[in-house]
Amino acid sequence: MNDFAVETLDIVRTFKDGDVRALDGVTLRVPRGEVFGLLGPNGSGKTTMIRILSTILTPSSGSATVNGIDVELDPQRVRQSIGLAGQFATVDENLTGFENLRMVGRLNHLEKALASSRSRELLGEFGLADAANRSAKTYSGGMRRRLDLAAALVADPPILFLDEPTTGLDPQSRQDLWAIIEGLTQRGVTVLLTTQYLEEADRLARQLVVLDHGHIIAEGTSQELKARLGTTVLELRLTSTQDAAAARELLASLSATFSNIEGTVLELTVNDGPAVAAEALRRLDGASLEVAGLALREPSLDDVFLSLTGHRAEAGSAAEPARRSRSQKEPA
Amino acid sequence: MSRPTSPRWAVSDTLVMAQRDLLAIVRTPVTFVFLLVQPIMFVLLFRYVFGGSISVKGPYVNYLIPGILVQTTIFGAIGTAIGLAEDLQRGLIERFKALPMARMAVLAGRTVSDLVRNVVVLIVISLVGFSVGFRPHGSPLHYVAACLLMLFFAYCISWGFAFVGLVAPNSETAQAMTFPIIFPITFASAIFVQIQKMPSWLQPFARNQPVTQAALAVRGLMNGTPIGGAAWLSILWAIGLVVVLAPLATRAYRRVD
């Protein structure tokens, strides 16, 4: 057994007879007992990676081990080591919450009594005890996600894959789920999490990899990445494009990176927002350039992408085919 | 812990999956009721609307009901296709694929639950048959044998419909895809009418296809008339079909992603 919960070497996965490269040489090392984040927009290859690691897809080339076990050589033993919770919250709507968990427990080959007691325990822990005997059809979005997560935990796997666990949830449900995920590492579970939200990755993951079109474009701890990216975006609106160009000259020497220049708007990624903002205003005022608007905000995934790749995160790009476009054929 | 692929787990996983599918039926009884409406309509339609115009040896109702029973058990396989297509659509197959369960349990569980459903359907439609005047002359033992034959036959065919459910893009299409298969094999057969009265070009197909053999065997057993080799032929057909269709469905299951 090696030191990593998940290790991949140069994973490539193509679809549509090689026309689409969803993953193009991705090497990952996920240390045990941590939350590890895969950050990227739709179509960056996150979900494809999770599906390869959970043995649903096979890689076109490259290799991967989960819990020290090769995903292609012994997929059944990999499945005994993992729990998977997906962005589409795959619970059986016809069953109650309890029946859903017991079924997954039984299919993980827990004895009947253990499957039932684990199910009750998790329902209680995730605030679903009152809804345990209600059909999952009646659950809210947040309850479904919690049930889905509980199903992934029934068999106490050492490694958990969470594919965009909070996408589409309201803020309160998101907070609830974050608290649960944070609690998981205290049990020693390794979590590999994909997300489109910088905020989520920053809050939950110690180490991050940023994916774009199947490539890793940045990696490190969230502190390292934030230091690289700046923690605040300063947005300045001027009254004309000439003014904006002049302002850019004036502000070039500030400790900031220009993340975007569009028409009359300048965006700067900075570490010390208020101080840089004050200095910028002083300089612009000194040059008699009129400032039409100013804002300081948290960087978004879009900002991360702009500063890392020079292009915006293209939501819904074609790199990752729709999950169940079943015309494509997996190589046999 | 024993190996996840051991036969013991294959049986246990199949039962867990079958139980899940049956729970779904119990939870939505309306669906099951409507499943019964169709064969009951067929009974009434052929008994009271078309029946007068169809002449067979003896009362038509005794000819009709065994046929309708065969048709109904085969129609049950449409549920196999729809159920699997729905699981696929909802992402449940994805979850199952990431579990250390026996690979064939998803399909085996579904076909087993449909078998159980067919048992209930057979009982209900038999009772409906008796109430519209069906008076079989065979022994009760022969009646039970005929039911077992139908269940086995329909079970084997349901593997073909499992394949349909797995290759269909969604459950609506899965349902539509079953019609061009299920209508010819049930209507161009000895289920409702005698084959001698069909056009000559249709007769070779109608006479030699598996559903006709099953219908002849079931009708003969229930009515206590000679069946020749029909029972054995339909069993052989069923075995032949499942030997081809089960690997086909299993392969399709492995390939879906």
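Remember, it's a predicted structure, so these values are computed and weren't measured experimentally.

### Section: the packing of helix H1 (residues 7-27) of chain B against helix H5 (residues 105-131) of chain B
All names here are of chain B.
And then number 1: Remark: H1 packs on H5, axes separated minimally by 7 Å, with the N-to-C direction vectors making an angle of 50°. Comparing their axes, H5 and H1 come out oblique. Where H1 crosses over H5, the handedness of that crossing is right-handed. Along its contact with H1, which presents Ala10, Asp13, Thr14, Met17, Ala18, Asp21, Leu22 and Ile25, the element H5 presents Ala105, Val106, Ala108, Gly109, Arg110, Val112, Ser113, Val116 and Arg117.
And then number 2: Split by residue class, the contact of H1 with H5 holds ten nonpolar, three polar and four charged.

### Considerations on the pairing of strand E7 (residues 159-163) of chain A
Here is the key point about a regular strand: its side chains alternate between the two faces of the sheet.
Residues and elements named next belong to chain A.
And then number 1: In terms of burial, E7 is largely enclosed, as five of its five residues are buried.
And then number 2: Note: strand E6 (residues 82-85) against E7, four bridges, orientation parallel. Its bridge partner lying in E7, Gly83 is registered against Leu160.
And then number 3: Both E7 and strand E8 (residues 190-195) contribute to a ladder of five bridges, which runs parallel. Note on E8: the bridge partner recorded for Leu160 is Val191.
And then number 4: Regarding topology, helix H6 (residues 171-185) serves as the crossover connection from E7 to the parallel E8, and that connection is right-handed.

### Side note on the confidence of the model for chain A
And then number 1: In this model, chain A carries a mean pLDDT of 85, and residues with pLDDT of at least 70 account for 89%.
And then number 2: Segment residues 315-332 of chain A is flagged for pLDDT under 50; beyond a separation of four residues in sequence, or across chains, it makes 34 contacts in the model.

### Re the sheet that holds strand E10 (residues 215-221) of chain A
Residues and elements named next belong to chain A.
And then number 1: Pairing in this open sheet of six strands is mixed, and the strands run E6-E7-E8-E3-E9-E10 from one edge to the other. Strands with a single pairing partner mark the edges of an open sheet, and in this sheet they are E6 and E10. The average undirected angle you get between the axes of adjacent strands in this sheet is 15°.
And then number 2: Packed on one face of the sheet, helix H1 (residues 46-53) meets strand E3 (35-39), E7, E8 and strand E9 (207-212) and runs near 150° to E7.

Thresholds applied
- Along each chain, the written sequence defines residue order, and numbers are assigned to residues from 1.
- Throughout, the order in which chains and ligands are written sets their labels, letters from A for the former and numbers from 1 for the latter.
- In keeping with the predicted nature of the model, local features appear solely for residues at pLDDT of at least 70, side-chain atom pairs appear and are counted solely at 80 or more, and the whole-chain, interface and lining totals rest on all residues.
- Orientation is described by lines fitted to C-alpha atoms, with helices fitted over the stretch in contact, and by angles between N-to-C directions that extend from 0 to 180 degrees.
- Strands are runs of DSSP state E lasting at least two residues, helices are runs of H or I lasting at least four, and both sets are numbered from the N terminus onward.
- Working definition: roughly parallel below 35 degrees, roughly antiparallel above 145 degrees, roughly perpendicular at 65 to 115 degrees, and oblique for all remaining angles.
- In this scheme the handedness of a crossing depends on how the near helix is turned from the far one: anticlockwise by less than a right angle means left-handed, clockwise means right-handed.
- The contact rule is simple: place each C-beta atom from the backbone, and if two of them lie within 7 Å, those residues are in contact.
- Each residue receives one of three labels: charged for Asp, Glu, Lys and Arg, nonpolar for Ala, Val, Leu, Ile, Met, Phe, Trp, Tyr, Cys and Pro, and polar for the others, Gly being one of them.
- To sort residues by exposure, count the other C-beta atoms lying within 10 Å of each residue's C-beta; 20 or more gives buried, 12 or fewer gives exposed, and values between give partly exposed, all with C-beta atoms placed from the backbone.
- Two strands are counted as paired when DSSP detects at least two bridges linking them.
- Look down the strands so they point away from you; if going from the first strand over the helix to the second traces a clockwise path, that crossover is right-handed.
- Predictor confidence is given residue by residue as pLDDT, running from a minimum of 0 to a maximum of 100.

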